[in-house]
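Structural overview for review
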Amino acid sequence: MAITYRVSKTKNPNGVEGITYLSNKVVKTSDYTFDELAEDINNSTTVTQADAFAVLKAMKKYIKQALLAGRRVVLSDLGALRMSVTGKVFTADDLKSKDFIPSSKIKAINVNFRPEAKLIKELRAEAKLQRVAGEYDE
């Protein structure tokens, strides 16, 4: 298998007019579902598909609980999940106001995944790239 990518137009990083800037973007080939993961675990271990699916569903439940409790979830050699927020900045003077609610400046709640360095190293070592047709083909 190969990681498919395409060449696509990107924002101008320097503000220079008249130059088209391009970059490589990974193209998603498909989704890999919980059911498929459970089936693959079943095919490669002594665990049944139903047992693997049950464990994965329970894992999701407990990861969600831990994240909502403000905990970082470390998944051994895989990586770690943590919550983050994005929003608008405000001043120290805003914070002094009795009517000001800091959470009103939060615009999105996100989950961030940080892969383990070992996983990244393994992926880079095993990755094969394949360019797919795009707007900027020769």
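This text gives an overview of the structure that appears in the document. (Residues numbered from 1 in each chain as written. Predicted model: local features only at pLDDT ≥ 70, side-chain atom pairs only at ≥ 80, totals over all residues. Heavy atoms only, no water.)

**Regarding the nonpolar core**
Counted only if it meets this: The criterion is simple. A nonpolar core is a set of buried Ala, Val, Leu, Ile, Met, Phe, Trp, Tyr and Cys residues joined through side-chain atoms within 4.5 Å. Throughout, exposure labels follow a simple rule: accessible area from a 1.4 Å probe, protein chains only, divided by the maximum for the residue type, with under 20% read as buried, over 50% as exposed, and the rest as partly exposed. Residue contacts are defined here by distance: any two heavy atoms, one from each residue, within 4.5 Å place the two residues in contact.
Counting residues in each nonpolar core, the largest one holds five residues, listed as I63, A66, L67, V73 and L81. For L81, the residues in contact, after removing those within four places along its chain, are I63, L67, R71, R72, V73, L75, V111, N112 and F113.

**Section: the layout of surface pockets**
Heads up, the condition is: Of the grid points, spaced at 1 Å and generated over the protein atoms alone, those admitting a 1.4 Å probe that cannot get out make up cavities, while open sets with protein on both sides within 12 Å along at least five of seven lines make up pockets; any residue with an atom within 4 Å of a point is treated as lining. Grid points are joined across faces, edges and corners, and a volume is the space filled by probe spheres set on the points. Each helix is a run of H or I in the DSSP string that is no shorter than four residues. Each strand is a run of E no shorter than two, and both are numbered from the N terminus. Each residue gets one of three labels, nonpolar for Ala, Val, Leu, Ile, Met, Phe, Trp, Tyr, Cys and Pro, charged for Asp, Glu, Lys and Arg, and polar for the others, Gly among them.
Taken as a whole, the largest pocket spans an internal volume of roughly 500 Å³. Forming the walls of the largest pocket are 13 residues, and the residues nearest its centre are M1, A2, I3, T4 and L123. Only β1 (3-9) and α4 (117-126) provide two or more residues apiece to the lining of the largest pocket. Here the lining of the largest pocket takes three residues from α4, the largest share from any one element. Class assignment of the residues belonging to the lining of the largest pocket gives a composition of seven nonpolar, two polar and four charged. By volume, the second largest pocket is sized at about 380 Å³. If you go around the second largest pocket, the residues you meet are F34, L37, L56, M59, K60, I63, L75, L78, L81 and F113. When residues of the lining of the second largest pocket are traced back to their parent elements, those giving at least two are α1 (34-44) and α2 (49-68). Among the elements that line the lining of the second largest pocket, the one with the most residues is α2, at four residues. Along the lines of polarity and charge, the residues of the lining of the second largest pocket split into nine nonpolar, no polar and one charged.

**Thoughts on the environment of N110**
Summarising the element assignment, N110 is placed in strand β5 (residues 106-115). Through-space distance from the C-alpha of N110 to that of E39 is 29 Å; in sequence the pair is 71 residues apart. Other than its neighbours up to four places away in sequence, N110 contacts R82, M83, S84 and T86.

**Quick notes on the sheet that holds β1**
Hydrogen bonds along the backbone pair up the strands of a sheet, which may run parallel or antiparallel. For the record, the criterion: Paired strands, in this sense, are two strands between which DSSP finds at least two bridges. To define axes, lines are fitted to C-alpha atoms, for helices over the stretch in contact only, and angles between the resulting N-to-C directions are given on a 0 to 180 degree scale.
Spatially, the three strands line up as an open sheet ordered β2-β1-β6, and their pairing is mixed. Looking at the sheet topology across the chains shown, the edges are occupied by β2 (22-26) and β6 (129-131). Averaged over all pairs of adjacent strands, the angle between their axes in this sheet comes to 40°, without regard to strand direction. As paired strands, β1 and β2 are joined by five bridges and run antiparallel to one another. Across the sheet, the residue bridging to S8 is S23, located in β2.

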